[in-house]
Every structure is written in structure tokens, then in C-alpha cells.
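# Summary of the model geometry
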Amino acid sequence: MHDTGAPPSIDTARGFVPETITPPERPLGLVRGLLQMVDNPLRVWPRAMYENPYHGVRWLGRTFHYMRSPDHMKAIFLDHVDVFEKSPFQRRLVQPATGDGLLSAVGEHWKFQRRAASPAFRIDALRALVPAFSSSASATVGRIRAAPAGAPVDVMGEMQHATLDVIVETMLGGEDPGFRYDRVSQSVSDYMESMGHPDMLDMFGAPHWLPRPWAQKGRRAAAGLKQAAVNALERRRAAGEDRNDLLGLLMAARDPETGRGLSDIELRDNIVTFIGAGHETTALALTYSLYLIANAPEVQDRLLAEVRAVAGDAPVDAGMVEAMPFHEQVIKEAMRLYPPVALIDRMATRDIRLGDIEMKKGDLVFALIYVMHRHKLLWDRPEAFDPDRFSADRSGGLQRFQYMPFGAGPRICIGMKFAYMEAVAILATLVRALRFLPNPDFRVAPNIRITLRPEGGMKLFVEPR
Ligand code: HEM
């Protein structure tokens, strides 16, 4: 068990200071650094990275650029988006599961799929999904109420269950035997454990075909998810109906220029992509939100007052979601402190200079979202939980690229609005029915495994109201 640093503290003048990994005071040596990088990159990045804007590391003939300044983010994700492509590193992490679906595709293939999926994410389409968000949250309340009293609840598992139910309902239009929570959660965990961290062979530039026996569990999990997607597609075709859910829209999409639709393999890859990208991240945003409010009772009380004033006892609908700005602030602040996607990587496809930084074709760029979100030069009291930094009054002072939980530019998360509406509806429904309480015996240790998961889940005490 690792030391996670200082236990959390509540100082009424400064707000709750949540727990995280304490960065090393000085850079680790090469061997220790590499070993720790595989274990958890947050244990490698030294304190100085939270106080200065950039450093580069030369390794096996190319430079790794570690970025955490908003100007660099703008340059990479917006101004020179044609130069910085998805890196082979990222594609290797996710592609065994998501194939060439929207998350991993590049060039024209990406553009076509993005156009095809966009109608499903327009605001009108999303507003119609809010009842599905609320009913999944009500089912969660029922499960937690039925759990043995007095024992801590793993709210991470509960949030994964809730968000998986949502994405399967909205993507496939109802329960699907291949995507039941117990099966998918096991597959996703196996995948993250075995493939979700930097691979030592990749770090040494070993070729892709070299056997990596430790990745076998992950590959099996990916194959299971793909098969479940094929089955879902076949069932839909056999039913012979046109439906307006996400799968229906993807099946009906045609490229306006060529008239081409998505092939069966593209449909399969996008089912896995949307189910994977759409539930794990939102579950983590909610998991950390619940941890934070359990330790900041005054914030939890403000949420309760807001949902009672806006929704009373009624199921939360789209209009109510839009009328609860404080809920969104809490979720935003949770994703500042614990961005579900803590690191986004790109590769330079040609030589380029960004200010003083010289980059060569093939160099890797790491956008350190977690570090930028806690950077001393960008945030007042960066380590403190303060949802009011995102209030209408105060958020005007933020720079556009200093907060990037959903990425930025043309490849910004397609599900951003979906995720905010879902997270608000679920948080409101939970807080109205349940009180979340701290668990002094549980240490919170976030770990980067594709997503930023807390090690060992998130065990909180929960009481019915
Ligand atoms: C809190 C929740 C979420 C977070 C933090 C999140 C984060 C992100 C980030 C950072 C990216 C950009 C990756 C890159 O640039 O390399 C991304 C892309 C993507 N996300 Fe999300 N996401 C969330 C929810 C969702 C949901 C609900 C869906 C679907 C229903 C979704 C589907 C996708 C897809 C398909 C992409 C690829 C988009 C493209 O490349 O065009 N995400 N997400």
C-alpha cells in the first residue's frame, strides 16, 4: 500500500482540501521513474511541474513534451490542430477495444463518423434523454437503500452501474444481455488493469507485434465487448425497426458527399466506443463529486436546497437540470481536482516551433490536464474544493484553455453536454434521497489508467434522508 500523503483536512476559512497523491519533491531517477510511471504517473511528476509551465525529456531519439499551460493547449488543440494528431501511444491503449471508432479514427474517416454521430448530441435530442438519467439514478437510490445499514458503500461501483444503464438505454434503446453491469464492469476493469497504463515495451520503442502476455486479459475483455456489440447489432437488424436512439442514428447516417453509410465493423467499433467512453468517465466525475460533498457538508446542503427548490419531489427533467447551476459548478470543480481524463497525448506530424519550444516530427506531446487543473500559477488555492470558482460571478476570470476536462478544439468530447446533463440529473436525484458522509478510514488515491480511477473504489458512508 502506498502512502497517499497528508490525510484530507477541513479548514473553514480555506474549504475542504481533498486527498490526492503527494508529488515527489524532486525528479525520480531513471529506473525508479520508469517503474513508477507504469504503476501511476502521478507518483512521478515532481512538485515543480505544478509551479512551472513546461519541460521536455529526450528519450530514445525523440522528445516528450510535457505541457500544462493554457497557451500551449490552445496551440496544440486549436491553432495547429492539423500538426498534432492522436498519438500512436493513445491509439494503442484504446484501439484493441474501440477499433477505428470515433475516438481513435483520424483524417477523413474521423470526420465522417463525427458528422454521422453529431445529430444524436444536439440539445433537443439530449433533453429527451433526461428521464432515462433520472430513472437510472432512482434505481441507484433503491440499491443503496437496500444495502446493509452501517457498512460503507462503494459509490464508484454504484456510479459505474448507473452510467452504464444510462448509456445502454440511450445507445441501444433498452437493456441488453451482453452489456449488463456485472459483465461490462468486469471487462472494463480487466482492460484497464492489463492495458490501461504505459507498457514498458512501448516505452523502449519495441515493435507492436512483440508478444505482451500481460495484455492477454485485456485483449480477451476487448473481444468480449466487441462480440456483445455484434450481437446487439444483429438483434436490432432482426427486429427490423427504425429507432431514434444513438445506434439507430448511426445505422441510418449517410455521408452527404458519397452517400456511404457506416460498415458493420464501424458500427461495432462505435458501439464499444460510446459505451466505454460514455460511462466510465461520467461515473468518475460523479464518484469524486460524492467524495467531495461527503466531506464538505455545507456544499451538500446547498445542493439539497437547490434540488428541493427546483424539483420538489418530482423526477428531475430537462428544464430542472438547466435550472440547477450549483450542481453543475460542483461537478465542474470535481473534474478540476480529478479530471477523469487526466492526460491527453498527441504526436507532432511535422517540425514546428511553439514560442521557445522546438518540436520535431514524431515528438510526443502530453497535455497534463490534471497538473494544469492544480497549477499554482493558474488557480487560487488550487488544492482546495471551492465550487464557487465556477459561479457566474467568478468564472469570468478563467482563461478558456486552463480548464479542459473534455479536451478542446475539433476533437473535443462529443458527449460533453450529455455528460453534464446526466451528471446533474443523477447528482440531484441522489442528494435529495441520500446523505453522503465521510469515511475517515478510507484513503483516496487516484491512479491514471486511461481514466483517473481511485484505487480500491470509493467507499463512503451513506444514509437515507
Ligand atoms: C464526464 C464525462 C466525460 C469526460 C470527462 C470525457 C472526456 C473526453 C475527452 C478528454 C475527450 C478527448 C480525447 C482526445 O482529445 O484525445 C473525449 C472524447 C470523446 N468522448 Fe468523452 N468524456 C465524457 C463523457 C462522454 C460521453 C457521455 C460520451 C458519449 C455518450 C463520450 C464520448 C466521447 C467520444 C466518442 C469521444 C471522441 C470524440 C472525437 O474524437 O471526435 N464522452 N471525451
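Below, the structure is looked at part by part.

Conventions adopted
Residues numbered from 1 in each chain as written. Predicted model: local features only at pLDDT ≥ 70, side-chain atom pairs only at ≥ 80, totals over all residues. Heavy atoms only, no water. Helix = DSSP H or I, 4+ residues; strand = E, 2+ residues; numbered from the N terminus. Rg over C-alpha atoms; globule rule 2.2 N^0.38 Å. Buried < 20%, exposed > 50% of the residue type's maximum accessible area, 1.4 Å probe, protein only. Areas by Shrake-Rupley, 256 points an atom, 1.4 Å probe, with all protein chains shown as cover. Lys, Arg positive; Asp, Glu negative; His and termini not counted. Charge placed at Lys NZ, Arg CZ, Asp CG, Glu CD. Donors = N, O, S within 2.8 Å, 3.2 Å for Na, K, Ca; no water. Pairing = 2+ DSSP bridges. Axes fitted to C-alpha atoms, helices over the stretch in contact; angles between N-to-C directions. Contact = heavy atoms within 4.5 Å.

## Here's the deal with the overall build of the protein chain
Within the protein chain, the regular secondary structure consists of 17 helices and 14 strands. Since a compact globule built from 465 residues should have a radius of gyration of about 23 Å, the 22 Å found for the protein chain is in line with a globular shape. Each principal axis of the C-alpha atoms in the protein chain carries an extent, and together these give about 60 × 60 × 45 Å. Looking at the protein chain as a whole, 56% of its 465 residues qualify as buried. Summed over all atoms, the accessible surface of the protein chain reaches about 20,000 Å², with 55% contributed by carbon and sulfur. One finds the centroid of the 57 positive side-chain charges in the protein chain at a distance of 3 Å from the centroid of its 56 negative side-chain charges.

## Quick word on the coordination of the iron atom of the ligand
Among all protein atoms, only Cys413 (SG) binds the iron atom of the ligand, sitting 2.3 Å from it. By the element assignment, cysteine 413 lies in the loop between α16 (369-373) and α17 (416-433).

## Let's talk about the sheet that holds strand β11 (residues 434-437)
With respect to topology, 3 strands assemble into an open sheet ordered β6-β14-β11, the strand pairing being antiparallel. Edge positions in the sheet fall to β6 (153-154) and β11, since each of these pairs with one other strand and no more. Two strands pair when backbone bridges link them, and β6 and strand β14 (residues 459-464) are joined in this way by 2 bridges, in the antiparallel orientation. Bridge pairing links valine 153 to leucine 460 in β14.

## Thoughts on the pairing of β11
Going residue by residue along β11, you find Leu434 and Phe436 tucked away on one face and Arg435 and Leu437 left uncovered on the opposite face. Relative to β14, β11 runs antiparallel, the two sharing 4 bridges. Each residue of the ladder has a partner; that of phenylalanine 436, found in β14, is valine 462.

## A few points about the sheet that holds strand β7 (residues 343-348)
Taken in spatial order, the 5 strands make up an open sheet running β3-β4-β10-β7-β5, and their pairing is mixed. Of all the strands in the sheet, just β3 (54-59) and β5 (84-86) have a single pairing partner and so form its edges. Taken over all neighbouring pairs, the strand axes of this sheet differ in orientation by 30° on average, direction set aside. Bridge count for β7 against strand β10 (residues 364-368) is 5 bridges, and the pairing is antiparallel. Of the residues in β10, the one forming a bridge with isoleucine 344 is alanine 367. The strands that helix α3 (residues 88-98) touches are β5, β7 and β10; relative to β7, the one it contacts most, it runs at about 130°.

## What to know about unusual backbone geometry
One can expect most non-glycine residues to show negative phi and most peptide bonds to be in trans. The backbone phi angle of leucine 60 is positive, close to 50°, even though this residue is not glycine. Position of leucine 60 among the secondary structure elements: in the loop between β3 and β4 (62-67).

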